[in-house]
Amino acid sequence: MDVLRFTTAGSVDDGKSTLIGRLFYDTQQIFEDKLEEIKRNTQRDDDDLELALLTDGLKAEREQGITIDVAYRYFSTPNRKFIIADTPGHEQYTRNMVTGASTAELAVELIDARNGVIEQTRRHAFIASLLQIPYMIVAVNKMDLVDYGEERFREIVEEFQEFSDNLDINDITFIPISALKGDNVVDQSERMPWYKGPTLLHRLENVRPEADRNQVDFRFPVQHVIRPHQDFRGFAGQVASGKIRPGEEIVVLPSKRTSHIESITTLDGEVEEAGPGDSIVISLTDEIDVSRGSMIVRSRNRPDVTRQLDADLCWMNEEKMRRDRPYIIQHTTRRTQANVSKVVYRTNVETFHREEADTFELNDIGRVELETADPLFIDPYKINRSTGNFILIDPDTNDTVAAGMIRGVSEDVAPFGRDEVVTDKERETSPNVVWEGLNIPREDREEKNGHKSAVVWLTGLSGSGKSTIAKEVEKRLFDRDVQTMMLDGDNVRHGLSGDLGFSPNDRKENIRRVGEAARLFFEQGNVTLCSFISPYQEDRDRIRELLPEGRFFEVHVDCPLEVCKERDTKGLYKKAEEGEIANFTGVSAPYEEPQDPEIVVDSDQNDVETCVNQIIEALEEEGIV
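Residues numbered from 1 in each chain as written. Predicted model: local features only at pLDDT ≥ 70, side-chain atom pairs only at ≥ 80, totals over all residues. Heavy atoms only, no water.

Chemist: So, the sheet that holds strand 1 (residues 3-9): which residues are in play, and what are the values?
Modeler: Spatial ordering of the open sheet is given by 2-3-1-4-5-6, a layout of six strands whose pairing is mixed. One side of each edge strand has no neighbouring strand; the edge strands of this open sheet are strand 2 (71-76) and strand 6 (171-176). Strand after strand, the sheet turns through a mean of 25° between neighbouring axes, direction not considered. Strand direction decides the pairing type here: strand 1 and strand 3 (residues 81-86), joined by six bridges, are parallel. In the sheet register, T8 faces strand 3, and the bridge partner there is D86. (Pairing = 2+ DSSP bridges. Helix = DSSP H or I, 4+ residues; strand = E, 2+ residues; numbered from the N terminus. Axes fitted to C-alpha atoms, helices over the stretch in contact; angles between N-to-C directions.)

Put into C-alpha cells, the structure is as follows:
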C-alpha cells in the first residue's frame, strides 16, 4: 500500500486540528479510551466533540488553543496510508510550517468561510508553491457558520484563484467542508447538495503523487560504506531519484571515476531495479574510491557540480542572517561550509513583490547566492526536490537556521534595485549595422578545397589534454591538404579576449567571441578546431546554433579531476586550491559536462594517437573530410 505525505496549512482557528481529528474519528482511528477522554474534556454547549483535543499535544497548545510544534500523525484507510504534518498557523511559527511542508506531496489549505482569503492564507500558499508541492486542496471550512451557502463558497474560490495565478501549483481542488460537523470530510454532505465534487478523503485517496516523482535522473547519495568481509564492498543509501539496474554504467562524484552496477541489494535480497525512495546497497564491478558524501549517478546524466548556488531561502532563526561568517550546509549526505555571498532580494509574501535587502530576519523568504567550500552535486529544486534542497546550520549552536531550494548554479544575479548585468544577447549586435553577405560563398570554397567545413569544439577540464589532441588533429588534417584553423584558450586571451577575466559572465563573453570567430573561419571553408574549457553547456549550445546542422562537433575530452591535477605542470590547480586563482574550473568554478556530445575521448585511458584517430574517424564518417 502506498503512502501519501500531506500537510495542513491555514491561519489560527481555521480548524486544522479539528479537521485532522475529524479524519481520525470518521475513519475510526481513535481508541476507545482516547475517545472517552475527549468526551470528558469537551466543553461545548452542543453535542459536537472538540476533536482538536486529539491533536493538540503540548500543554501550551491546549492552553492557548493553537498548534505550536510540528506533529506527524499517521492513519490509514483500506486504500492508502497517510502521514500528516500538523503545522502551526500563527505567523510566529512560519518556520515550523516550512519544516512540516518540506516533505509533503500535497497541502490542505484551510480557509475560514467567514473570513475568506487572508494574509496567512497567501503566506502558506506561497510557501507551498515555493516548496513545489504539486497538489493542493483548498478546504473552505466552517461552512456551517455561513449556512452552507454556495455563493460564499464561490466568492472564496474566485478570490483564491485570482492570486494563485502567480503561484507555481498546477493542481488545486476546492472543497466546501465543515470539519466540526463532518460535512464533505469523509462522507458527502447532505447539507450542501449543490456541491458535486469529491470529499476531502476521496481526493486524498486518489491523488497520484508518484507521477510527479523524478523517475529519470538517477541520484544516489552514499550514506555508508558496508564491508562485512574482504569479498564484499557495498554502498548504502536511499535512491533520491531515478531508477537503476545492474549492468548500467555509472560515475561516482566527485572523483568522476566510472564503473558498472554489479548488484543491488535490499533487506529482501537482490533486486533487478531500484527506484526513488528505495533503501538499497549497491556494489560496483570496480574497486574505486567511494565514501559517505559521494554521489553515484549515470555517466551520461549528471547533476551540476558547483560551489556557487543560486537559491530561494527561508530564514528560520531568531538571529538574523550574517554574511561575514560561515554556516554549515547540509545537502543530501554531504556537509561543507557555506557563505551567503549575496542577497538578491526579499519577497513580500503579502504582495509577492520583491524588496531590496541586505540580510534576512526570522521568517523572511527571498533569493540569495551562496559559495561553498567543497563542490555540491545539485539539480534545480523544480525538477528534483531531493537534490535541490538544503539546510543551513549554525556551527556554534548546531541550530538549523535556514531551509533552501536551489534554482541552479549562481550566475551573478544583480540584487534588486541595482542595475542588471548586461546580457550577451544585448551585446550581440552593434547599433546601425547590417550584416553583409560573404563575397565568396562557403559552398564555392568547399568545392575548391575538396572537403566540407566544420567546427570541432574540444571541451574539458584544464589539464585534460584538449590542446594537445587538437594540435595533433590539425597536423593530421593539414597533411591531408585540409584547410584548417585552430583557436586556443590561452592564445585568444592574449588579444581577442585579453580584457576579460574568469568570472562566469566573462567566461560567457569569451566563448561568445570565440564562437563568432570560429563561424567566420567556418564560412571561409576551414575545419576549425577550438580548444576551450568552455565550462557551461548553454555557451556551447549557443555556438552550435550559429552553424548548420551536422557541422558542429562537440568533443568531450573526459579526464578525472585528480588526473588533471597530476598533469598540471603550470601549478594552476595548486594555486587555485591555495586561493591565489579565483574562479578556477574544477576547484572554485563549476564545469558542466556535455549532455550529448558527438564525440567523447577518454584521455585518461587512451593515448593521444587513439583520441586523434577517434576524432578524425568521426569527421570521415560524417563526410567532412
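Chemist: Account for the environment of E516, naming residues and giving values.
Modeler: Among the secondary structure elements, E516 is positioned in helix 12 (residues 504-523). In this structure, the C-alpha to C-alpha distance between E516 and I543, residues 27 residues apart in sequence, is 7.8 Å.

Chemist: With reference to specific residues and values, describe the sheet that holds strand 24 (residues 527-531).
Modeler: On the basis of which strands lie adjacent, the open sheet formed by five strands has the order 23-24-22-25-26 and parallel pairing. What marks the edges here is a single partner per strand, and that holds for strand 23 (484-488) and strand 26 (599-602). Averaged over all neighbouring strand pairs, the angle between strand axes comes to 20°, with direction disregarded. Judged from the five bridges that link them, strand 22 (residues 454-459) and strand 24 form a sheet pairing that is parallel. Its bridge partner lying in strand 24, W457 is registered against C530.

Chemist: Quick rundown of the pattern of salt bridges? Include the residues and the values.
Modeler: Scanning the entire structure with this criterion turns up 44 salt bridges. Notably, a salt bridge pairs D112 with R114, separated by 2.7 Å at the nearest N-O pair. Residue E516 is joined to R519 by a salt bridge in which the shortest nitrogen-to-oxygen separation is 3.1 Å. On the criterion of helical spacing, the pair formed by E516 and R519 is a turn pair, its members being three residues apart in helix 12. Accessibility expressed as a relative area gives 25% for E516, which makes it partly exposed. (Salt bridge = Lys/Arg side-chain N within 4 Å of Asp/Glu carboxyl O. Buried < 20%, exposed > 50% of the residue type's maximum accessible area, 1.4 Å probe, protein only.)

Chemist: Account for the pairing of strand 20 (residues 389-393), with residues named and values stated.
Modeler: As defined by bridge partners, strand 16 (residues 327-331) adjoins strand 20 across three bridges and the pair is classed as antiparallel. The residue of strand 20 that forms the bridge with I328 is I393. By the bridge criterion, five bridges tie strand 20 to strand 21 (residues 400-409) in an arrangement that is antiparallel. Along strand 21, the bridge assignment pairs N389 with M405. The turn joining strand 20 and strand 21, which pair antiparallel and follow one another in sequence, is formed by six residues; a positive phi near 65° is taken by N398.

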